[in-house]
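Chain by chain, the residues:
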2 protein chains.
Amino acid sequence: MSFEIKEKDLLGRIGKLKTKSGTIETPLLFPVINPSVQPVLPQRLKDVFGFEAVITNAYILKKRYQNKPVEEGLHNFLKFKGVTMTDSGAYQILVYGGVEYDQKEIITYEENIGTDIATILDIPTGWHVTKEQAKLTVAETHKRAKNFFTLKTRDDILWVGPVQGGKHLDLVATSAKEMGSLPFNIHALGSPTEVMENYRYDVLAEMILTAKKGIPIERPLHLFGAGHPSMFAIAVALGCDLFDSAAYALYAREGRYMTENGTWRLPEMDYFPCTCPKCATETPKMLISKPAKEREIFIAEHNLWVCMAELKRIKQAIRDGRLWELAEMRSHAHPALLSALKRVKKHKDFLATFSPCVKNSGFFYFNHEGLTRPEITQYKQRILTRYTPPPNTKTLLLLPQTRNKPFHKAPEMKKIRRLLQTIEPELANKIHIAIFCAPFGVVPLELDEVYPLSQHETALPIDKETVEYVADQTVQYIKQMPYSSVTLLNSNKLWNNIIQSAVQNVCVEKNIPFETVESGCTNDRQLIADLKTILLKQLST
Amino acid sequence: MSFEIKEKDLLGRIGKLKTKSGTIETPLLFPVINPSVQPVLPQRLKDVFGFEAVITNAYILKKRYQNKPVEEGLHNFLKFKGVTMTDSGAYQILVYGGVEYDQKEIITYEENIGTDIATILDIPTGWHVTKEQAKLTVAETHKRAKNFFTLKTRDDILWVGPVQGGKHLDLVATSAKEMGSLPFNIHALGSPTEVMENYRYDVLAEMILTAKKGIPIERPLHLFGAGHPSMFAIAVALGCDLFDSAAYALYAREGRYMTENGTWRLPEMDYFPCTCPKCATETPKMLISKPAKEREIFIAEHNLWVCMAELKRIKQAIRDGRLWELAEMRSHAHPALLSALKRVKKHKDFLATFSPCVKNSGFFYFNHEGLTRPEITQYKQRILTRYTPPPNTKTLLLLPQTRNKPFHKAPEMKKIRRLLQTIEPELANKIHIAIFCAPFGVVPLELDEVYPLSQHETALPIDKETVEYVADQTVQYIKQMPYSSVTLLNSNKLWNNIIQSAVQNVCVEKNIPFETVESGCTNDRQLIADLKTILLKQLST
């Protein structure tokens, strides 16, 4: 196996990809090398910036340099002592409508120059195409993929099988399944460039997830042509392992300065919002007065630093189990990125299936986008399928979440415990206490130290979609559990009576008694007395 | 005037603060200098990192070094050729309950060492105090402030008058008004450290805004003891201009690594998620094997780079008119920061009063936290107080927002224009077209190119609170304008019928005819025919 997964979070992972020229760590970005105009020399990319691998285009190499890279070997030709990947000219098919070589010629060339990772000559689907056209690209890509295995002679190269289909998700699903059934080492999602140019990151998210569901999960996925750091975190969270960037250099030529939160044009800048070794001692004003070539190299190197730091941030986030937080933060760089994250909700079960259940750290819950988190899906599945209340409990006492956690240690719980002590044990044992809290819904008190039920922080006040999720989970819980009555300590201020009316309705539906007391209306002593009266009444029926 | 405001956004501004040792640009962070244990020499802070000013403690200097700083002068004593600020020992009053010198001694000492910016000896309120105790600190601070003006002899020093009151907002308001009426050059918000230690950034936000409302808006505000970069953007957005940080050094001593999104402990790190000149070429593993002192200096310098970059990011955001976006992004570093941003909603009118109406760039709308934006408040105020529909218009045709903007150039509008062309001009002129859109609500079509009605991007789908805001603004608009009927082209998919029922209700209330057509139910031709029938019917009554 050439790919070994070391750590994971959501669908993202830190992996080791073994190639004939060395092992590289993913998530990884291949800077695109254009041998004829290259602002930063390949070996400098490795030695100074830490890029272990680069990508170049076999089609363009063959066309422009013919036999030289074959004679010298790709690594010597590029003067790069690291891992090399080659693309095949498929992007040129998309842009120019065709290329001068057939797949056999490209494959043979890739083998002859000795690249470490190589791409077959697939047919990109593109963006502005009808479904019929898209179908043809998927079919032709599949045909070429099968044919490729009769052409290749080298097994020490890692071969990439691109998934096509564009925005047509059913075609992406077909393509992923077909390509995934062939023995490729790596898969790629074809030509998302136009999707991104149109800011349809929501469509891109679905394309990625659809591809992921079709290919074997243990193979790395390359997202072709995605080189902006603002979307790396979301793409990794959805399962992309490899990226390539020509953007660092193309942007630099146009004076476009990348950050993990967006792009500036140099003339718009009064400050460099960056700590990188280039920006630390320079101002935009100083830079703008320098020769064009110097400016270009400066920005290219800045762009590379930013990309590298974002990849490290992503890896650290995977290690910390906080990739969701990072993706959520990044989704605030542009509304189109947030739309992408919102779209992931449809796939939350898929996310939950592959994400770890227990993590190094607690989590931060901000608003309903967070309902997509695997922790919440996993909790809901477990509580509704595997849990039953303690034997002999009869009535459910539902209490609102407390600021301090775990809930059973919060100061508010002391009064409740004291109340239970005033009830004779045989009756008190029939009372089951549970908390309703954002974002989980009902949490039985005896479980409140199970990860992550106390290991999270929630932003207050809670947004409406979250309140409704809590209400819905509470209803499902009560519907299913064998309580004979329910008492709710309501907290209108935080929950706006939505939980209260939901619980009332489900009790009516189940035909069991429901009582409620509002917290904060009367003094504590009265509240406790009222609760006691209600509980005794409910237990006596 | 010692403070000149160059650019502003929200309550944040880029300013020039003139001192006797030079002019410094705000927002600015004073690194705290402890002359006896200083991981980074003061002059290095300026020459390498670009910190133009530092802060040290006059009380501690006097106690520990007595006359030496007086003889040498503070700048020589610190070996710092820049701007110096001194705190007064007030924090030591809070921590130790009292200090050894009285205000006169401190003021005289500050004058004698020749600091550029100096603080009176106020009495911090602190966090765990009753209202009565808090009242005393406010009264005593005010008394000392008035007394100070009889003590000071130097007018070339910028004097800082701290605002106290703690979490008791009415006391903060009193204190701000009293201190603001005295001729201080700078104000400070006293001891927010404990508020932050308790993660009550929501309370801190209200404290800052309450102080801002009381002091003259043209004086700079210093937030004492707030040195973590994750909260700079929000604090600047609320009107803080000056910060000080001992944290960069204190954290370093404990191996705590700051980022603009939170803090890591060194042993938890596999990667440095940073491009700074320290981190670019080092790994946590390498660092952890080094001597403690070297580790401490490394982290202190990293922390300083991160703080400096965040300040530049904030200034660039002010210049771009995108400080809200940055604050919103940062509020996703911790739920307590998002709670703070949510709390600002109560003060949105104050924000709108001082924030510019027209900006360099459009804005990004993510979810209902954005409803606090001044652009939205300003639009609502203007449309409801200054706008009347074009003369002779009789019926309102309300259309849903389009993906492309300006709305009147969107492809969907072509069909509507063609429809109007089939109605005789005299009648067609009686139809007033408006768009309902997130986040603004009703936008009359003829205004849709006015900033920022087309210069924004909204994340889809729209969250419930935003839909409700749009519904509410739409209702207020219809209630107030003299239409005799309303036709709504509904888009249930995006708006979940909430706009539709709100419009229906207000029409019933106003007793005017209301009709609705659902977009996407029938084919376009049928839709247009239905709309025409309705419009003609409404115009004929």
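As the structure is a prediction and not an experimental result, all values here were calculated from the model.

The rules behind each value
Residues numbered from 1 in each chain as written. Chains lettered and ligands numbered in written order. Predicted model: local features only at pLDDT ≥ 70, side-chain atom pairs only at ≥ 80, totals over all residues. Heavy atoms only, no water. Helix = DSSP H or I, 4+ residues; strand = E, 2+ residues; numbered from the N terminus. Least-squares fit on C-alpha atoms with pLDDT ≥ 70 in both. Contact = heavy atoms within 4.5 Å. Buried area = accessible area lost by both parts, 1.4 Å probe. Salt bridge = Lys/Arg side-chain N within 4 Å of Asp/Glu carboxyl O. Polar contact = N/O pair within 3.5 Å; in protein donor to acceptor, adjacent residues only side chain to side chain. Pairing = 2+ DSSP bridges. Axes fitted to C-alpha atoms, helices over the stretch in contact; angles between N-to-C directions. Phe/Tyr/Trp six-rings, centres within 6.5 Å; stacked < 30°, edge-to-face > 60°. Buried < 20%, exposed > 50% of the residue type's maximum accessible area, 1.4 Å probe, protein only. pLDDT = per-residue confidence, 0-100.

**Let's talk about unusual backbone geometry**
- A cis amide bond, omega 0°, links Thr 26 of chain A with the succeeding residue Pro 27 of chain A.
- Residue Pro 452 of chain B is reached from Tyr 451 of chain B by a cis peptide bond, and omega for that bond is -5°.
- Position of Pro 452 of chain B relative to the elements: it lies in the loop between β17 (441-444) and β18 (456-458).
- One non-glycine residue, Gln 66 of chain A, adopts positive backbone phi at about 45°.

**Considerations on the relation of the copies chain B and chain A**
- Placing chain B over chain A gives an RMSD of 0.0 Å and needs a rotation angle of 180°, together with 0.0 Å of translation along the axis. Seen this way, the second copy is the image of the first under a two-fold rotation axis.

**A look at the interface of chain B and chain A**
- Every contact between the two is made by 56 residues of chain B and, on the other side, 56 residues of chain A.
- Carbon and sulfur atoms supply 54% of the area that chain B and chain A bury against each other, a total of about 4,800 Å² over both sides.
- In terms of surface lost to chain A, no three residues of chain B exceed Tyr 271, Thr 275 and His 332 of chain B, which account for 16% of the buried area on that side.
- Counting across the interface, chain B meets chain A through 4 salt bridges.
- At the junction of chain B and chain A, the tally comes to 28 residue pairs in polar contact (both at pLDDT 80 or more).
- For the side of chain B that touches chain A, the secondary structure elements donating two or more residues are α14 (292-320), α15 (323-330), α16 (335-343), β14 (363-365), β18 and α21 (464-480) of chain B.

**A look at the sheet that holds strand β15 (residues 395-400) of chain B**
Residue and element names in this part refer to chain B.
- Strand order in the open sheet made by the 5 strands is β17-β16-β15-β19-β20, with mixed pairing throughout. What marks the edges here is a single partner per strand, and that holds for β17 and β20 (514-518). Pairwise comparison of adjacent strand axes, ignoring direction, gives a mean angle of 25° for this sheet.
- The sheet strands contacting α21 are β15, β16 (431-437), β17 and β19 (485-490), and the helix crosses β17 at an angle near 50°.
- Seen against the sheet, helix α23 (residues 498-510) touches β15, β16, β19 and β20 and runs at an angle of roughly 165° to β20.

**Some words on the packing of aromatic side chains**
- Applying the stated criterion to the full structure yields 36 aromatic pairs over all chains.
- Ring geometry for Phe 148 of chain B and Phe 149 of chain B: centres 4.8 Å apart, planes at 70°, overall edge-to-face.
- Judged by relative accessible area, which is 0%, Phe 148 of chain B ranks as buried.
- Its relative accessible area of 23% is what places Phe 149 of chain B among the partly exposed residues.
- Between Tyr 477 of chain B and Tyr 483 of chain B the ring centres are 6.0 Å apart and the planes differ by 40°, which places this aromatic pair in the tilted class. We note that Tyr 477 of chain B, like Tyr 483 of chain B, is buried.
- Among the aromatic side chains, those forming a connected cluster through ring pairs are Phe 148, Phe 149, Trp 159 and Phe 184 of chain A.

**Thoughts on the confidence of the model for chain A**
- Mean pLDDT over chain A works out to 95, with 99% of the residues at or above the 70 mark.
- Scoring of the predicted complex yields 0.96 for pTM and 0.95 for ipTM.

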